[in-house]
Amino acid sequence: MQTPKPLLPDGARRTAAWCVVVLLVTGVAAVAVWLCITFKTAVTPVLLALLGTALLGPVHRWLTARGMNRSLAAGLTCVLLVAVVGGAGYIVVTALVDTGDQIVRSLKDAGQWIIDHFGIGKNTNVNDLVANGRKLVERFGASAAGGLLSGISLIGSLLATSVLALLLTFFFLRDSDKAVNLAHAVAPRGTGELVEAMGRRAFEAVQGFMRGTTFIALIDATCITIGLLILSVPGAVGLGALVFVGAYIPYLGAFLSGAVAVLVAFADRGPVIALWALGVVLAVQVLEGHVLQPMIQSRTVQMHPATIMIAITAGASVAGLLGMLLAVPACAAAFGILGELRAERAGPSGVQPSGPSGA
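Keep in mind the model is a prediction, meaning the values are calculated, not measured. (Residues numbered from 1 in each chain as written. Predicted model: local features only at pLDDT ≥ 70, side-chain atom pairs only at ≥ 80, totals over all residues. Heavy atoms only, no water.)

Engineer: Lay out the overall build of the chain with the relevant residues and their values.
Structural biologist: Within the chain one finds 11 helices and 0 strands. Secondary structure elements of the chain, listed N to C terminal, follow the sequence α-α-α-α-α-α-α-α-α-α-α. Out of the 359 residues in the chain, the part that is buried amounts to 31%. Restricting to contacts in the chain with at least 6 residues of sequence separation, those with at least 24 account for 68%. Carbon and sulfur atoms form 71% of the exposed surface of the chain, whose accessible area is close to 22,500 Å². (Helix = DSSP H or I, 4+ residues; strand = E, 2+ residues; numbered from the N terminus. Buried < 20%, exposed > 50% of the residue type's maximum accessible area, 1.4 Å probe, protein only. Contact = heavy atoms within 4.5 Å. Areas by Shrake-Rupley, 256 points an atom, 1.4 Å probe, with all protein chains shown as cover.)

Below, the structure is given as structure tokens:
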């Protein structure tokens, strides 16, 4: 009996199959994002706790390796987390408050110089722009802030989120040894090993990103602060603190904080010092890109800059500043999972199976 001829050629059927897969994956991702937005009050502390666990996990393991009880070690690690985050926040806020007026004044002077020398409007003045900006903030900020009650509610929500994230960090650290059993319990039959490997790979990627980014941010901020102090740029400590905070948003944060430092140097010390400040910022960025990142983050998932920028943009559109901060760790975890799936597909020999199943 003659085999009926397929309605579509083989290439068209393969394309249709891949389109169905892409649509299914996109649908699942969209539902996951929608659920995260809907339950953001519960999801945000979990994500922050995972980042804290990834950052301070080695400290907990070091304490337990020396015979300390897991609960006590987790408690001491959380105390250390509060001390580090609180101390860093206090230093950053204090530096920005102390030097904020100088930075704003220098930025206004730089903006006025640009307006005067490039002829952007004959009657344009920076003070007018600032006044108009304040009017816009007052006009639209009233509805956004919602008065004193909304401000108190926002502070209470932030405190509740922080406390819940801290408690979750404690439980994640204390019960991390039970994660393997949980992975095997929830995984379908025969896939426990793969689920465990994917979880380990994702957590290692996030852990490497957090530790590497924190260390690199500290080095960048220290080097730029020293350079600005040598150049006698006003607000050098505050600008260094801004560099440290901005380092957690790859590329975009470094660009914005570096641009602010150069503008402040230009407004207060002139174009020559501004060029020197630009040289300091560029030298630090070259050191980061060619020495620090390959050396410190060589064991983590390496992502293309375009992928990072797309992830940051997507995170900002979904959850604003918090989404920008969480987008890159989430993307690193996703790449870690994909890498583990690729390794599992390749098999022990490292060669993907041939034939239709491996096409």
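Engineer: Describe the side chain of Thr161, listing the residues and the values that go with them.
Structural biologist: Tracing the chain through its elements places Thr161 in helix H5 (residues 147–174). Using a relative accessible area of 18% as the deciding quantity, one classes Thr161 as buried. The residues contacting Thr161, other than those within four sequence positions of it, are Thr44, Pro45 and Leu48.

Engineer: Go over the packing of helix H2 (residues 40–65) against helix H7 (residues 192–230) with me, naming the residues and quoting the values.
Structural biologist: Packing of H2 against H7 brings their axes to within 8 Å, and their N-to-C directions diverge by 85 degrees. Classified by the angle between their axes, H2 and H7 sit roughly perpendicular to one another. Residues Leu50, Leu51, Thr53, Ala54, Leu55, Gly57, Pro58 and Arg61 of H2 form the contact with H7, whose own contacting residues are Phe203, Val206, Gln207, Met210, Arg211 and Thr214. Among the residues forming the contact of H2 with H7, the class breakdown is 8 nonpolar, 4 polar and 2 charged. (Axes fitted to C-alpha atoms, helices over the stretch in contact; angles between N-to-C directions. Parallel < 35°, antiparallel > 145°, perpendicular 65-115°, else oblique. Nonpolar A, V, L, I, M, F, W, Y, C, P; charged D, E, K, R; others polar.)

Engineer: Describe the side chain of Thr225, listing the residues and the values that go with them.
Structural biologist: Position of Thr225 among the secondary structure elements: in helix H7. Residues contacting Thr225, with those up to four places away along its chain left out, are Ala236, Val237 and Gly240.

Engineer: If you had to explain the environment of Met295 to someone new, which residues and values would you point to?
Structural biologist: In this fold, Met295 is placed in helix H10 (residues 271–296). Given a relative accessible area of 57%, Met295 falls into the exposed group. Distance from Met295 to Gly212, taken between C-alpha atoms, is 9.5 Å for residues 83 residues apart in sequence.

Engineer: Can you tell me about the packing of helix H6 (residues 179–186) against H7, naming the residues and giving the values?
Structural biologist: Put simply, H6 and H7 touch, their axes get as near as 8 Å, and they point 135 degrees apart. Relative to H7, the element H6 is oriented oblique. You can see that H6 and H7 cross each other, and the crossing is right-handed. Across the interface between the two elements, Val180, Ala183 and His184 from H6 touch Gly192, Glu193, Val195, Glu196 and Arg200 from H7. (Left-handed = near helix turned anticlockwise from the far one by under 90°.)

Engineer: Requested: an account of the nonpolar core, with residues and values cited.
Structural biologist: Judged by nonpolar contacts, the single largest core of 20 residues is most densely connected at Leu228, Leu231, Val233 and Leu239. For this core, the secondary structure elements donating two or more residues are H7, helix H8 (236–246), helix H9 (252–269) and H10. Those residues in contact with Leu228 that lie beyond four places of it in its chain are Val233, Ala236, Leu239, Ala261 and Ala277. Membership of the second largest hydrophobic core comes to 19 residues, among which are Met210, Ile249, Met324 and Ala333. (Core = buried A, V, L, I, M, F, W, Y, C linked by side-chain atoms within 4.5 Å.)

Engineer: Would you mind going over unusual backbone geometry in detail, with residue names and values included?
Structural biologist: With a phi angle near 60 degrees, Ser232 is a residue other than glycine that sits in the positive phi range. On the secondary structure map, Ser232 appears in the loop between H7 and H8.

Engineer: Break down the packing of aromatic side chains for me, citing the residues and quoting the values.
Structural biologist: Enumeration over the complete set of coordinates arrives at 1 aromatic pair. Judged by centre distance (5.3 Å) and plane angle (70 degrees), the ring pair of Phe170 and Phe171 falls under edge-to-face. (Phe/Tyr/Trp six-rings, centres within 6.5 Å; stacked < 30°, edge-to-face > 60°.)

Engineer: Account for H8, naming residues and giving values.
Structural biologist: For H8, the tally of buried residues reaches 8 of 11 residues, placing the bulk of the element in the interior. Along H8, the positions that sit buried rather than exposed are Ala236, Gly238, Leu239, Gly240, Ala241, Val243, Phe244 and Gly246.

Engineer: Give me the lowdown on a nonpolar patch on the surface, citing residues and values where you can.
Structural biologist: Taken together, the side chains of Val31, Trp34, Leu35 and Phe39 define a hydrophobic patch exposed on the protein surface, amounting to about 430 Å² of accessible area. One can find Val31 in helix H1 (residues 10–38). (Patch = residues over 30% accessible without salt bridge, like charges linked within 9 Å, V, L, I, M, F, W, Y side chains within 5 Å. Salt bridge = Lys/Arg side-chain N within 4 Å of Asp/Glu carboxyl O.)

Engineer: Go over the environment of Glu196, please, and point to the residues and values.
Structural biologist: Counting through the fold element by element, Glu196 comes out in helix H7. In this structure, the C-alpha to C-alpha distance between Glu196 and Asn181, residues 15 residues apart in sequence, is 8.9 Å. Those residues in contact with Glu196 that sit more than four places away from it in its chain are Val180, Ala183 and His184.

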